[in-house]
Amino acid sequence: MRFCLNVDHIATLRNARGEMLPDPVTVALIAEQAGVDGIVVHLREDRRHINERDLRLLRELVSTKLDMEMAAVDEIIKIACDVRPNLATIVPERRKELTTEGGVNVIDNIEALSNAIKELHEAEIPVSLFIEPDINQISAAAEINADFIEIHTGTYANAANEEEQFDELERIRLASKHAKKLGLGVNAGHGLNYVNIKQFLEIEDIDEVSIGQAIIARAVITGIKEAVEEMKQIIRQKK
Ligand code: PXP
């Protein structure tokens, strides 16, 4: 199973103070050296974290794979066609949400999504649709020529107990098998962490996972000791 890192939250931290650091591009390059198979960013319409400068620099510097999450709206499609990421992942977007809240409804938005896919394909960009593990949604994605689906794993990640988690895992297993039969590549993500990834690895038909929050949060915790020690050492030298 390949693993891509979403660096949106590095930009969230940078933007909180309107400064230059931490820089999501630097973090992406270090993550590549550490072994990730790709970098994911979501250029939101409100630009709350990643901005166009980040996206364009990442396009120049990322040597693994750049996956651009995006809403299927004209302004962002135009930017994607210009920047040409290795993959465009279409997600639903609501201004007030804290994070992407669920999959895109392919069946209800078939024409708009079909047009977006056509436009992105004309720019030679493969397209993934972020959707629920639902057989009908997956069939609709294949009908409009999506190349990949990304299965929304939020329900699995937020399951209230083991039984719910097991049921959702089964749903994801069946959904990914169905997608594979239709010739789709299968990615997955949202809410995956150091604990719930373990059972998830047993699903054979998933090619790739996309993880953000858990890894960025872990990096802050595991890095704090070194960061404090370094500052303490500088201050001690001046005693
Ligand atoms: N995949 C998609 C489509 C997403 O929108 C997100 C969240 O930005 C992720 C994966 C990663 O989710 P998380 O940050 O919870 O790991």
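A. Representation of the overall build of the chain within the structure. Helix and strand content of the chain: 10 helices and 8 strands. Taken over C-alpha atoms, the radius of gyration comes to 19 Å for the chain, in line with the 18 Å a tight globule of 239 residues would show. Counting only residues that meet the buried cut, the chain has 44% of its 239 residues in that class. Sequence separation of 24 or more characterises 66% of the internal contacts of the chain that already satisfy a separation of 6 or more.

B. Here's a closer look at the site of the ligand. In the neighbourhood of the ligand, 14 residues make up the surrounding shell, with Thr100, Glu150, Gly191, Gly212 and Gln213 lying closest. Interatomic distance of 3.4 Å between a side-chain N/O atom of Asn6 and an oxygen atom of the ligand. Taking 400 Å² as the accessible area of the ligand by itself, protein coverage stands at 92%.

C. Examining the packing of helix H2 (residues 24–34) against helix H3 (residues 52–61) more closely. Two elements in contact, H2 and H3, have axes whose closest approach is 9 Å; the angle formed by their N-to-C orientations is 30 degrees. Between H2 and H3, the angle falls in the class roughly parallel. When the axes of H2 and H3 are compared, the crossing they make is right-handed. Between H2 and H3, the residues in contact are Pro24, Val25, Ala28, Leu29 and Glu32 and Arg53, Asp54, Leu57, Leu58 and Leu61, respectively. Of the residues contributing to the contact of H2 with H3, the split by class is 7 nonpolar, no polar and 3 charged.

D. Structural context of the sheet that holds strand S7 (residues 185–189). With parallel pairing, 8 strands are arranged side by side around a closed barrel as S1-S2-S3-S4-S5-S6-S7-S8. Geometrically, the sheet is characterised by an average inter-axis angle of 25 degrees between neighbouring strands, direction not taken into account. As paired elements, strand S1 (residues 2–6) and strand S8 (residues 208–211) share 4 bridges and run parallel to each other. Bridge pairing in S8 places Arg2 opposite Glu208. Contacts from helix H6 (residues 135–143) reach strand S5 (127–131) and strand S6 (148–152), with the element oriented near 165 degrees to S5.

E. Region of interest: a nonpolar patch on the surface. Together, Met231, Ile234 and Ile235 line one region of the surface with nonpolar side chains, adding up to about 320 Å² of accessible area. In this fold, Ile235 is placed in helix H10 (residues 213–236). The class for Ile235 is exposed, based on a relative accessible area of 54%.

F. Representation of unusual backbone geometry within the structure. A cis amide bond links Leu21 with the next residue in sequence, Pro22, at an omega value of 0 degrees. Looking at the element boundaries, Pro22 is found in the loop between helix H1 (8–16) and H2. The phi dihedral of Asn145 falls on the positive side, at around 70 degrees, and the residue is not glycine. Mapped onto the elements of the fold, Asn145 is located in the loop between H6 and S6. Of note in the backbone geometry, His190 takes a positive phi value of approximately 115 degrees without being a glycine. Inspection of the secondary structure assignment puts His190 in the loop between S7 and helix H9 (197–200).

G. Molecular detail of the nonpolar core. Within the largest apolar cluster, 61 residues are counted, with the highest numbers of intra-cluster contacts made by Ile39, Leu120, Leu129, Ile149 and Phe200. Top contributing element to this core by residue count: helix H4 (residues 74–83), with 5 residues. Beyond its immediate chain neighbours, meaning those up to four positions away, Phe200 contacts Met1, Thr153, Tyr156, Leu169, Ile172, Ala188, Leu192, Ile206 and Val209.

H. Inspection of the pattern of salt bridges at higher detail. Throughout the structure, instances matching the rule amount to 15 salt bridges. Notably, a salt bridge pairs Arg14 with Asp54, separated by 2.8 Å at the nearest N-O pair. With Arg14 in helix H1 and Asp54 in helix H3, the pair connects residues that are 40 residues apart, well separated along the chain. Across the pair Glu52 and Arg47 runs a salt bridge whose closest N-O atoms are separated by 3.6 Å. Residue Arg47 is classed as partly exposed on the basis of its relative accessible area of 22%.

Calculation criteria
Residues numbered from 1 in each chain as written. Predicted model: local features only at pLDDT ≥ 70, side-chain atom pairs only at ≥ 80, totals over all residues. Heavy atoms only, no water. Helix = DSSP H or I, 4+ residues; strand = E, 2+ residues; numbered from the N terminus. Rg over C-alpha atoms; globule rule 2.2 N^0.38 Å. Buried < 20%, exposed > 50% of the residue type's maximum accessible area, 1.4 Å probe, protein only. Contact = heavy atoms within 4.5 Å. Near = heavy atom within 4 Å. Polar contact = N/O pair within 3.5 Å; in protein donor to acceptor, adjacent residues only side chain to side chain. Areas by Shrake-Rupley, 256 points an atom, 1.4 Å probe, with all protein chains shown as cover. Axes fitted to C-alpha atoms, helices over the stretch in contact; angles between N-to-C directions. Parallel < 35°, antiparallel > 145°, perpendicular 65-115°, else oblique. Left-handed = near helix turned anticlockwise from the far one by under 90°. Nonpolar A, V, L, I, M, F, W, Y, C, P; charged D, E, K, R; others polar. Pairing = 2+ DSSP bridges. Patch = residues over 30% accessible without salt bridge, like charges linked within 9 Å, V, L, I, M, F, W, Y side chains within 5 Å. Salt bridge = Lys/Arg side-chain N within 4 Å of Asp/Glu carboxyl O. Core = buried A, V, L, I, M, F, W, Y, C linked by side-chain atoms within 4.5 Å.

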